[in-house]
Amino acid sequence: MGDIKPYPIAVDAQHIKDLKTRLSLAKFPDELDEAGWDMGAPLADVKRLTKHWKESYDWRKAEEELNKLPQFVTDIQCDGFEPLAIHFVHVRSKVQGAIPLLFLHGWPGHFQEVTKILKPLTEGGDGVQYPAFDVIAPSLPNFGFSQGTKKRGFALEQYAETANKLMLKLGYKEYVTQGGDWGCHISRALAHLYPKYCKATHLNMDVANRPEYWKNPILALQHAVTPYSQREQHGVHRSKWFEQEGYGYNVEQSTKPQTLGYGLADSPVACLAWIYEKLHDWTDSYPWTDDEVCTWVSIYWFSTAGPAASVRIYYETIHNVDGRKDKLDRQRIRSWTPGVKLGFSHFPMDLSVLPSTWVRTLGNVVYEKEHNSGGHFAAWERPDDIVTDVREMFGKGGGAFNVVRGATGYTS
């Protein structure tokens, strides 16, 4: 592990100056009378945030706060691809036998999402009342302060391979995961490809298919005869809204990421508006401060590979550019994974909010919790809920207790 090195974030002053210059030259579109969030990020909000980002926001202060986290970088090479310097946060609990937990973010998230659950899981877990965890939170390749690939075909298999190799390099022969968005998809990929190492996953996003009689006869019958709960009824409406009114970004990023990339790479206002819309629409009335938004977007703007690199994961997942056999696409990750225990936290304002019978088609679901509030960025919006759910799933009496050999999270 000699090539694992500390990583202090230190954005070049010229990069910050360039950002301020670009913000000062921003040209805004007009807006229709009485336009609201249904048409996208409102002009007044984007103007206010642009002004704040340019005149009041202090990246160096945010950088100093982020650098309080123990961050590292190491090279990870996927088969057939170049080595990439992978940035990650790594906090070890003082409790011997702490559970290794790999936190996986998505888009438009990043490693910062782990910060609110980090101390409760690593320090708050005393190994007596609550299980203790070692937490590893990487910047995915092409995101944050990790390098990006220059080769086509870097898809779910490679994101999972990177994560698994990182955990093995850190000395964790078995581990569990937590994630939503792409963190959910990558966790599912790990369950398919590396069940020897990835022993359980806790997910805060529902991604599954309706149970079918020839695949899941008991679940299909249960789904057919059991009325939807209030949560599930609301989930139908929320999921329908997302499919009809919120899915356009996904189509663009899945089909023409390069075209979109010109705007994201050249215009900080375009990058801001593209991401801020999701921060608003995908959360449950979370009270974003202007500083929070600017830090969130700045991590994309100052990212090692640039903001355009982050959207390519959508394209590579649905396209088989190298003709690989048994490609791990969005449908395959929805198939049954034996041997890897699953847990779900259901939040009502997530993007895909599915009935329990659906998610149980994925594998051995040992934990489910329904929440009355919360959205897509659960670790940021509802950190206490995520901490509680993870503790319940992996703690004594939980469905995934003692799933990692020699690491129960307890002292005795």
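The shown structure was predicted, so the numbers you read here are calculated from the model rather than taken from an experiment.

A. How the structure looks around the sheet that holds strand S4 (residues 99-104). Spatially, the 9 strands line up as an open sheet ordered S1-S2-S3-S5-S4-S6-S7-S8-S9, and their pairing is mixed. Edge positions in the open sheet fall to strand S1 (5-6) and strand S9 (363-370), since each of these has one partner strand only. When strand S6 (residues 175-179) meets strand S7 (residues 198-203), the two strands line up parallel, connected through 5 bridges. Counted as the bridge partner of glutamine 178 is histidine 202 from S7. Sitting on the sheet, helix H16 (residues 383-394) touches S4, strand S5 (133-138), S6, S7, strand S8 (337-346) and S9, and the angle it makes with S7 is about 145°.

B. Region of the structure containing the nonpolar core. Counting residues in each nonpolar core, the largest one holds 100 residues, and the members touching the most others are Trp53, Trp59, Trp107, Ile186, Leu190 and Phe394. With 7 residues, the top contributor of residues to this core is helix H12 (residues 290-301). In this structure, tryptophan 107 is in contact with Phe143, Asp181, Trp182, Tyr249, Gln253, Trp274, Lys278, Trp282, Tyr300, Ser310, Val311 and Tyr314, ignoring residues within four places of it in sequence. Cys184, Val207, Leu342 and Leu354 belong to the second largest nonpolar core, which has 12 residues in total.

C. Seen up close, the packing of aromatic side chains. For the structure shown, the criterion picks out 26 aromatic pairs. In this structure, lysine 151 is placed above the aromatic ring of phenylalanine 81, and the distance from its NZ or CZ to the ring centre is 5.4 Å. Geometry around tyrosine 130 places arginine 391 over its ring, the cationic atom sitting 4.0 Å from the centre.

D. Focus on the side chain of serine 310. Here serine 310 lies in the loop between H12 and helix H13 (312-318). Relative accessible area serves as the criterion here: at 1%, serine 310 is assigned to the buried category. Not counting residues within four places of it along the chain, the set of residues in contact with serine 310 comprises Trp107, Asn142, Phe143 and Tyr300.

E. A look at the state of the cysteines. Applying the stated criterion across every chain yields a total of 0 disulfides. Cysteine 184 supplies the cysteine sulfur nearest to cysteine 198, a cysteine that is in no disulfide, at a spacing of 12 Å. According to the relative accessible area criterion, cysteine 198 is buried, its value standing at 0%. Of all cysteine sulfurs, the one in cysteine 294 lies closest to cysteine 271, which takes part in no disulfide; the gap is 11 Å. The class for cysteine 271 is buried, based on a relative accessible area of 1%.

F. Inspection of helix H9 (residues 248-255) at higher detail. Residues of H9 that are buried include every one of Tyr249, Asn250, Gln253 and Ser254, and no others. Seen from one end, H9 has its buried residues packed into an arc of 125°, which puts them on one side. On its buried face, H9 is in contact with helix H8 (230-246), helix H10 (257-266), helix H11 (268-281) and H13.

G. Structural context of the packing of helix H2 (residues 43-55) against H12. As a packed pair, H2 and H12 sit with axes 10 Å apart at the nearest point and diverge in direction by 75°. The angle between H2 and H12 places the two elements in the roughly perpendicular class. Within the contact between the two elements, H2 uses Arg48, Leu49, His52 and Trp53 and H12 uses Asp290, Asp291, Val293, Cys294, Val297, Ser298 and Trp301. Considered class by class, the residues forming the contact of H2 with H12 number 6 nonpolar, 2 polar and 3 charged.

H. Seen up close, the pattern of salt bridges. Considering all chains together, one arrives at 22 salt bridges under this definition. Here aspartate 322 makes a salt bridge to arginine 324, at a shortest N to O gap of 2.8 Å. The partner of arginine 360 in a salt bridge is glutamate 368, and the shortest N-O contact between them spans 2.7 Å. For glutamate 368, a relative accessible area of 23% puts it in the partly exposed group. Here the salt bridges do not stand alone but share partners, grouping Asp18, Arg22 and Asp266 into one network.

Calculation rules
Residues numbered from 1 in each chain as written. Predicted model: local features only at pLDDT ≥ 70, side-chain atom pairs only at ≥ 80, totals over all residues. Heavy atoms only, no water. Pairing = 2+ DSSP bridges. Helix = DSSP H or I, 4+ residues; strand = E, 2+ residues; numbered from the N terminus. Contact = heavy atoms within 4.5 Å. Axes fitted to C-alpha atoms, helices over the stretch in contact; angles between N-to-C directions. Core = buried A, V, L, I, M, F, W, Y, C linked by side-chain atoms within 4.5 Å. Buried < 20%, exposed > 50% of the residue type's maximum accessible area, 1.4 Å probe, protein only. Phe/Tyr/Trp six-rings, centres within 6.5 Å; stacked < 30°, edge-to-face > 60°. Lys NZ or Arg CZ within 6 Å of the ring centre and 35° of its normal. Disulfide = S-S within 2.5 Å. Arc of directions from axis to C-beta. Parallel < 35°, antiparallel > 145°, perpendicular 65-115°, else oblique. Nonpolar A, V, L, I, M, F, W, Y, C, P; charged D, E, K, R; others polar. Salt bridge = Lys/Arg side-chain N within 4 Å of Asp/Glu carboxyl O.

That is the geometry; function is a separate question.
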